[in-house]
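Each chain is listed here by its residues.
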2 protein chains.
Amino acid sequence: MCDNSERFTRAEIDFSNLFARDLLPAKNGEEPTIQFLLEVVEILTNYVRKTFDRSTKVLDFHHPHQLLEGMEGFNLELSDQPESLEQILVDCRDTLKYGVRTGHPRFFNQLSSGLDIIGLAGEWLTSTANTNMFTYEIAPVFVLMEQLTLKKMREIIGWPNGDGDGLFSPGGAISNMYSVMVARYKYFPEVKTKGMSAAPRLVLFTSEHSHYSIKKAGAVLGFGKENGYVPLFVNATAGTTVYGAFDPINDIADICEKYNLWLHVDGAWGGGLLMSRKHRHKLSGIERANSVTWNPHKMMGVPLQCSAILVREKGILQGCNSMCAGYLFQPDKQYDVTYDTGDKAIQCGRHVDIFKFWLMWKAKGTVGFEQHIDRCLEISEYLYNKIKNRVGYEMVFEGQPQHTNVCFWYIPPSLRGMPHGDERREKLHRVAPKIKAMMMECGTTMVGYQPQGDKVNFFRMVVSNHAVTKSDIDFLIDEIERLGHDL
Amino acid sequence: MCDNSERFTRAEIDFSNLFARDLLPAKNGEEPTIQFLLEVVEILTNYVRKTFDRSTKVLDFHHPHQLLEGMEGFNLELSDQPESLEQILVDCRDTLKYGVRTGHPRFFNQLSSGLDIIGLAGEWLTSTANTNMFTYEIAPVFVLMEQLTLKKMREIIGWPNGDGDGLFSPGGAISNMYSVMVARYKYFPEVKTKGMSAAPRLVLFTSEHSHYSIKKAGAVLGFGKENGYVPLFVNATAGTTVYGAFDPINDIADICEKYNLWLHVDGAWGGGLLMSRKHRHKLSGIERANSVTWNPHKMMGVPLQCSAILVREKGILQGCNSMCAGYLFQPDKQYDVTYDTGDKAIQCGRHVDIFKFWLMWKAKGTVGFEQHIDRCLEISEYLYNKIKNRVGYEMVFEGQPQHTNVCFWYIPPSLRGMPHGDERREKLHRVAPKIKAMMMECGTTMVGYQPQGDKVNFFRMVVSNHAVTKSDIDFLIDEIERLGHDL
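About the criteria used
Residues numbered from 1 in each chain as written. Chains lettered and ligands numbered in written order. Predicted model: local features only at pLDDT ≥ 70, side-chain atom pairs only at ≥ 80, totals over all residues. Heavy atoms only, no water. UniProt positions renumbered as here; feature names shortened; annotations may be inferred. Pairing = 2+ DSSP bridges. Helix = DSSP H or I, 4+ residues; strand = E, 2+ residues; numbered from the N terminus. Axes fitted to C-alpha atoms, helices over the stretch in contact; angles between N-to-C directions. Contact = heavy atoms within 4.5 Å. Buried < 20%, exposed > 50% of the residue type's maximum accessible area, 1.4 Å probe, protein only. Polar contact = N/O pair within 3.5 Å; in protein donor to acceptor, adjacent residues only side chain to side chain. Buried area = accessible area lost by both parts, 1.4 Å probe. Salt bridge = Lys/Arg side-chain N within 4 Å of Asp/Glu carboxyl O. Nonpolar A, V, L, I, M, F, W, Y, C, P; charged D, E, K, R; others polar. Domains from an automatic or database assignment. Least-squares fit on C-alpha atoms with pLDDT ≥ 70 in both. Right-handed = clockwise from strand over helix to strand, strands pointing away. Phe/Tyr/Trp six-rings, centres within 6.5 Å; stacked < 30°, edge-to-face > 60°. Lys NZ or Arg CZ within 6 Å of the ring centre and 35° of its normal. Expected span 1.5 Å × (residues − 1). Disulfide = S-S within 2.5 Å. Parallel < 35°, antiparallel > 145°, perpendicular 65-115°, else oblique.

- Under an unreviewed UniProt entry, the name given to chain A is Glutamate decarboxylase 1b, and the organism recorded is Cyprinus carpio.
- Annotation of chain A in UniProt includes, under Cofactor (unreviewed entry), the sentence "pyridoxal 5'-phosphate".
- UniProt annotates chain A under Subunit (unreviewed entry) with the comment "Homodimer."

1. Considering the sheet that holds strand 2 (residues 165-169) of chain A
Residues and elements named next belong to chain A.
Argument step 1. The strand order 2-7-6-5-4-3 describes an open sheet built from six strands, whose pairing is mixed. Taken across any chain shown, the strands that pair with only one partner, and hence form the sheet edges, are strand 2 and strand 3 (202-205). Going across the sheet, the axis of each strand differs from the next one's by a mean of 15 degrees, ignoring polarity.
Argument step 2. Strand direction decides the pairing type here: strand 6 (residues 291-294) and strand 7 (residues 307-311), joined by four bridges, are antiparallel. Paired with S291 across the two strands is V311, which belongs to strand 7.
Argument step 3. Against the sheet, helix 5 (residues 140-157) makes contact with strand 2, strand 6 and strand 7, and its axis sits at roughly 115 degrees relative to strand 2, the strand it touches most.

2. Quick notes on the side chain of K364 of chain A
Argument step 1. Looking at the element boundaries, K364 of chain A is found in helix 11 (residues 354-387).
Argument step 2. K364 of chain A sits in the buried class, given a relative accessible area of 13%.
Argument step 3. A distance of 3.3 Å separates polar atoms of two side chains, one belonging to K364 of chain A and the other to D116 of chain A.
Argument step 4. Discounting residues that sit within four places of it in the chain, K364 of chain A has contacts with D116, F369 and H466 of chain A together with D80, Q81 and P82 of chain B.

3. Here's the deal with the interface of chain B and chain A
Argument step 1. Taken residue by residue, the interface counts 167 residues in chain B and 167 residues in chain A.
Argument step 2. When chain B packs against chain A, the two sides together hide about 15300 Å² of surface, and 65% of this comes from carbon and sulfur.
Argument step 3. Scanning the region where chain B abuts chain A turns up eight salt bridges.
Argument step 4. A salt bridge links E30 of chain A to R49 of chain B; its shortest N-O distance comes to 3.1 Å.
Argument step 5. Counting across the chain B and chain A interface gives 59 residue pairs in polar contact (both at pLDDT 80 or more).
Argument step 6. Its residues assigned to classes, the side of chain B that touches chain A shows 87 nonpolar, 45 polar and 35 charged.

4. Quick look at the domain arrangement of chain A
Argument step 1. Domain assignment breaks chain A into domain 1 (15-101) and domain 2 (132-353).
Argument step 2. One C-alpha centre belongs to domain 1 of chain A, the other to domain 2 of chain A; they are set 38 Å apart.

5. As for the relation of the copies chain B and chain A
Turning one copy of the chain about an axis and sliding it along that axis gives the other copy, so a rotation and a shift relate them.
Argument step 1. In screw terms, the move from chain B to chain A is a rotation of 180 degrees and a rise of 0.0 Å along the axis, fitting with an RMSD of 0.0 Å. Taken together, the rotation and translation describe the operation of a two-fold axis. In terms of proximity to the rotation axis, the leading residue of chain B is L221 of chain B, whose C-alpha is 2.2 Å off the axis.
Argument step 2. Here 100% of the interface residues in chain B have copies in chain A that are interface residues too; the copies meet face to matching face.

6. Considering the environment of E378 of chain A
Residues and elements named next belong to chain A.
Argument step 1. Among the secondary structure elements, E378 is positioned in helix 11.
Argument step 2. What makes E378 partly exposed here is its relative accessible area of 47%.
Argument step 3. Here the alpha-carbon distance between E378 and L78, two residues 300 residues apart in the chain, equals 47 Å.

7. Notes on the UniProt feature "modified residue: N6-(pyridoxal phosphate)lysine" (unreviewed entry) in chain A
All names here are of chain A.
Argument step 1. Per the UniProt record, the feature "modified residue: N6-(pyridoxal phosphate)lysine" (unreviewed entry) sits at K298.
Argument step 2. Position of K298 among the secondary structure elements: in the loop between strand 6 and strand 7.
Argument step 3. Accessibility expressed as a relative area gives 16% for K298, which makes it buried.
Argument step 4. Not counting chain neighbours up to four residues away, the residues in contact with K298 comprise L111, S112, A268, W269 and S464.

8. Considering the pairing of strand 4 (residues 230-237) of chain A
Residue and element names in this part refer to chain A.
Argument step 1. Counting buried positions along strand 4 gives six out of eight residues, so the element sits mostly inside the fold.
Argument step 2. Inspection of the sheet shows strand 3 paired to strand 4 by four bridges, in the parallel sense. Each residue of the ladder has a partner; that of V203, found in strand 4, is P231.
Argument step 3. For strand 4 and strand 5 (residues 262-267), the ladder comprises five bridges, and the chain directions are parallel. Counted as the bridge partner of V234 is L263 from strand 5.
Argument step 4. With helix 9 (residues 249-259) bridging strand 4 and its parallel neighbour strand 5, the resulting β-α-β unit is right-handed.

9. Regarding the sheet that holds strand 2 (residues 165-169) of chain B
Residues and elements named next belong to chain B.
Argument step 1. In spatial order, the strands read 2-7-6-5-4-3; together these six strands make up an open sheet with mixed pairing. Edge positions in the sheet fall to strand 2 and strand 3 (202-205), since each of these pairs with one other strand and no more. Strand-to-strand twist of the sheet, defined as the mean angle between neighbouring strand axes without regard to direction, takes the value 15 degrees.
Argument step 2. Taken together, the five bridges between strand 2 and strand 7 (residues 307-311) define a ladder with antiparallel strand orientation. Residue pairing across strands places G166 opposite L310, the latter belonging to strand 7.

10. Remarks on the packing of aromatic side chains
Argument step 1. This model, assessed by the stated rule, comprises 39 aromatic pairs over all chains.
Argument step 2. When the centroid spacing of 5.8 Å and the interplanar angle of 70 degrees are considered together, the rings of F142 of chain A and F355 of chain A count as edge-to-face. You can see F142 of chain A sitting in helix 5 and its partner F355 of chain A sitting in helix 11, a full 213 residues away along the chain.
Argument step 3. Classification of F142 of chain A by relative accessible area gives buried; the value is 5%.
Argument step 4. Here the aromatic cluster, defined as three or more aromatic residues joined through ring pairs, consists of F74 and Y98 of chain A together with F142, F355 and W358 of chain B.
Argument step 5. Positioned over the ring face of F475 of chain A is R106 of chain A, at 3.9 Å from the centre of the ring.
Argument step 6. It is R10 of chain B that lies over the ring of F8 of chain A; its NZ or CZ is 4.3 Å from the centre.

11. What about the pattern of salt bridges?
Argument step 1. Counted by the stated rule, this structure contains 48 salt bridges over all chains.
Argument step 2. Across the pair K344 of chain A and D165 of chain A runs a salt bridge whose closest N-O atoms are separated by 2.7 Å. Of this pair, K344 of chain A sits in the loop between helix 10 (316-321) and helix 11 while D165 of chain A is found in strand 2, placing the two residues 179 residues apart along the sequence. In this structure, K344 of chain A and D165 of chain A share a single accessibility class: buried.
Argument step 3. Two residues, K356 of chain B and E123 of chain B, come together in a salt bridge whose shortest N-O distance is 3.3 Å. Placement of the pair is K356 of chain B in helix 11 (residues 354-387) and E123 of chain B in helix 4 (residues 117-129), with a sequence separation of 233 residues. Here K356 of chain B and E123 of chain B have matching classes, each one buried.
Argument step 4. Here the residues in one salt-bridge network are E137, K333 and D340 of chain A together with K436 of chain B, joined through shared partners.

12. Describing helix 13 (residues 422-442) of chain A
Residue and element names in this part refer to chain A.
Argument step 1. Look at helix 13: 31 Å from first C-alpha to last across 21 residues, which is about the 30 Å you get at 1.5 Å a residue.
Argument step 2. Every buried residue of helix 13 is accounted for by R424, L428, V431, A432, P433, I435, K436, A437, M439 and M440.
Argument step 3. Residues of helix 13 that are buried sit in contact with strand 8 (393-395), strand 9 (406-410), helix 12 (413-416), strand 10 (446-452), strand 11 (455-461) and helix 14 (470-484).

13. A few points about the state of the cysteines
Residues and elements named next belong to chain A.
Argument step 1. As enumerated under the stated definition, the model contains zero disulfides over all chains in all.
Argument step 2. C320 provides the cysteine sulfur closest to C256, a residue in no disulfide bond, and the two sulfurs are 19 Å apart.
Argument step 3. Residue classification places C256 among the buried positions, given a relative accessible area of 3%.
Argument step 4. Among the cysteines around C376, which has no disulfide bond, C306 carries the closest sulfur, lying 16 Å off.
Argument step 5. Under the relative-accessibility criterion, C376 is labelled buried at 1%.

14. Description of the packing of helix 13 of chain A against helix 14 of chain A
All names here are of chain A.
Argument step 1. At their nearest, the axes of helix 13 and helix 14 sit 9 Å apart, and the two run at 110 degrees to each other. One finds that helix 13 runs roughly perpendicular with respect to helix 14. Each of I435, M438, M439 and C442 in helix 13 lies in contact with helix 14, whose residues at this interface are L476, I480, R482, L483 and G484.
Argument step 2. Residues that form the contact of helix 13 with helix 14 fall into these classes: seven nonpolar, one polar and one charged.

Take a look at the structure:
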C-alpha cells in the first residue's frame, strides 16, 4: 500500500469568504479544495451513520409548496451571483435533511433500497473518475470490468461458456426496450433502415402483471398495442413488480420455440435470485431466453443505477444499433477496437454503472450476494408467517410469496365486522393511503401500496436491504396497527 | 453551521483482516465504516490533487490484453469468496491508476472534460442519497430542483415565462430520441396505441454533420432512413460534434413554420453558449424551437451524466409517455402528485442528475457559467490564431470556428513538399492516428481525430475544461510537432 500520496489533515477553514472560484484549478486552490471536500465528506459520513441508526427518522416530510417557499436557510432558487462555500455546505446538509433515507432499515417503499458501503465507495470513485463508457480509450478499466462482469452474469444465467453480449443501461425500462429492439432487428433487420413499414404489423406478448416498461417499449418503438397481428416477442417476467411472481419460463420457452418467437425474461427484480442456490429454481428455463434484463440495483443492493441487458446472440446488439460514427469509433486506433462498446448502445455517452457493482462483487464474493438474497427472502418469509393468520390482516394472493413481495390489506377494527360489498371496498380502498400518509408525516417508516385489477389498495412490502432485521418487521406491523387502529 | 453531528477523526486501522461484512449494518460496524470511507476519500483527494498537477500524466496506457492478464496486485476477475478491505482499497487505487484523467488540463479528447470540484461534491452527495427521480415521495428535494432548473433553462432559451416541460435524461442521444418521440406524438398521437402503421411513412430531416443519435432515433422508433415520405421533424444542430458549427435556426424555423414541421434544436454541445451574452447570438431563433437538447455535462463542465430535453408545449411529454402504473403513481397520495415526474419518462427509475448541476449553479451563479464559456472560447481562439498560419498546419474549414472546435491537419515535414494527390492523402490520413497513438503511449495529452466526408483524418481540438490555460495549448502544439516531426 505504499505510494507517495499525502495523508490529509483537516484544518479549520472559514468558508464564508471562499467561493467556487477559489477551488482548483485556482492558484493556491489545493488546500481549500481538499478541506472543502473533507467538509462535504463529514456531512456525508454523518448521514451514513444516521441512516443506520433506528432512532433517526426515515424522512422529514414537507409538501412541495413548503419546500418551494423555502425553509430557514435553504432556498432552492438559482441566482446570478455565486454563493459562498459556507452556504454551499449548508445547502448540501439541507438537501439531505429534507430528503428520504432510502438506506434506512425501515424504508420499504421501493424495490431498490439499502445503502451498501462498498457500493457507495464505488460511486464516489466513479464520479471522481468522471468518464464515459463509449470507448476503451477513455475508460479502459471500466470497459473491461463491464465485459468480465457481463460474462459472469451470462454464465450464471446458464448460457454456454457465458457467451453472448450485453450492456449496462440506465435502467430496467431501457433494458427491456433493448430486448424488443433486438428482437425486431433479428426478425426484420430492414426495419433499421426502412422503418416499421418494412415489417408486417407486429405484436408483443406480455402478462397483465408485467412491468409497464414492456408496453412503453411497444409504444416507443412503434408497435402499438393492437391485437391480431404477427407475434414477434414474448416477455416472461421473473419477479413481477407488485406480487413478485415468476412466470413459468420453461412452459413459455416451449411455445416460443414452437412458433419461433423471441423470448425475453424480465428479471429486473427477480434476476438477483439467480445468485442463490436455494432460490434460483424459480427462474428455471432462463437459459432458454434470447435476452434477459437483470437489475443489480434492485435485489442485489447495488446503488442506483445498475441495470444489465444480456443477449444470447453475439453481435446482434452491434448489428441493431451501430451507426459507425467516425469521430468516436475510428478503426485505425492503436488498440483492439472491438473493446469500444459505444456503437452497441442507443446512447452515445454512457455513464459508468459497472464499477460499484464490480467492487461489491470483489468485496462480498458470489457467496456474499447469495447470503444477501437468502437473508432478504428469510425476512420476508418471517413477515408472511407473522401476518398470514393475524387478526386484522388479509393476504392479497394465496400461498407463500415467491419473492420478497408480501401483499396484504390491513383491516381496521371498524371494518372487521362489515359485510363484504361496495361500502367495505370503498372504505378499505382508503385505508392504505391514509396509513401511508401518516407514516410519512411521522417519518417512521415507508411502504408502498397500490390497487391491482379489481383489488382495492393494498400494501406491498418488499425487502432488498440487508440492514433489515426481524425487529424492523415487528416495528412495521406495530406501526401499521398504531396508525390504522382508529380508521 | 451548528448541528449535533460528530467531527470525524482518522485512526490507523488494519484493513487486511476486515471485510465488507464488518461494515455497517454490522454490529460495531460504524467505526470501520467511517474509517474505510475516509481511506477511500484519501485515495480520491490524492487523485483530484494530481489531476490538476501538470507533472502527472493524463493516462498510463495499457492494451486490453495487458489489463486482462492482470497487473501486479490488480486482477479484474471476480471470485466466489470475498476480498479483504485492504485489497478493495488497492483495487480502488489501481482502477484510478490505469484509467484516464478526464479532468487533466491536457485532456482534450471529448466534448466532456474537466473535474469541477463543486460538481464532484454534488455527485458524492447524490450517490449517498441513492434515490430515484420518479416520485416526489422519495426524491422531494431533487424533483423540485429539477423543476426549477429546467424552468430557468427554458427562460434562457427564451420561451415565454419559461413555460413548457422537460426532463433530465441519461444523455444527449436519449434527449434527441425524446424530441422525435414527442414530435411523432404531436402529429400522430394514435401511434402510441396503434403503432407506426397509424401514421403515413414519415421522414426526419437533419444535416450530414449532425450527431448520429438523430439517425439512431429514427432507426429505434421505426422511421427508417428512406426518402420521399411525409416530413415530420427537422433537427437544427447548435454546435456540431466535429466542426462545432451552428445551423441557422431562424432560417430553418421559417421553413418549419411554413410547412408545420416540428423544429428540434440539438444543442447538446452548443447549448451552453446560451449562458454567454457574447456568444448566445449563435443560437438566435432557438426560442422558436419546439424542443431543445442541452447537455450541461458538455460545455458547462458539469460531471457526467447531465443532459436535458426541454419541450415548449406543456403536457406533451406526459401525453406521449404516460402508462399510469398504479404501483408508482397512485392518485390518492397525500401530496400534490403533479410533482411525480416518472410517467413523463421512457424510463421507470431515473438517476438523480440534477443535484450536481443545481449545486454548481448555486456556487458559480449564472455569471460563473458565463465566465466558464467565455474563457473556453477564448482559449480555443488562441489556438486558432496560433496555428492558422503556422508552418505545418492546415485548417479543415475556412474562417474562425463558431465553437471551441478547432479542426486541423498537422503536416509533417516529409509531406510538406509533396504534391496534392492520392499518395499525399493516404500518408496524411495516417498521421493523426500515429501521433495520437504516441500521445497515448507517452500519456502526455489526448486529442481526438477523425475523417469527415472526403477529408482524411484530422485533429479536432475542443476545450470545455476551465483548468486549461494558454500554456496547455502551447504544450499541445509542441507535443504534436515533437511526435509528428519524423513521420
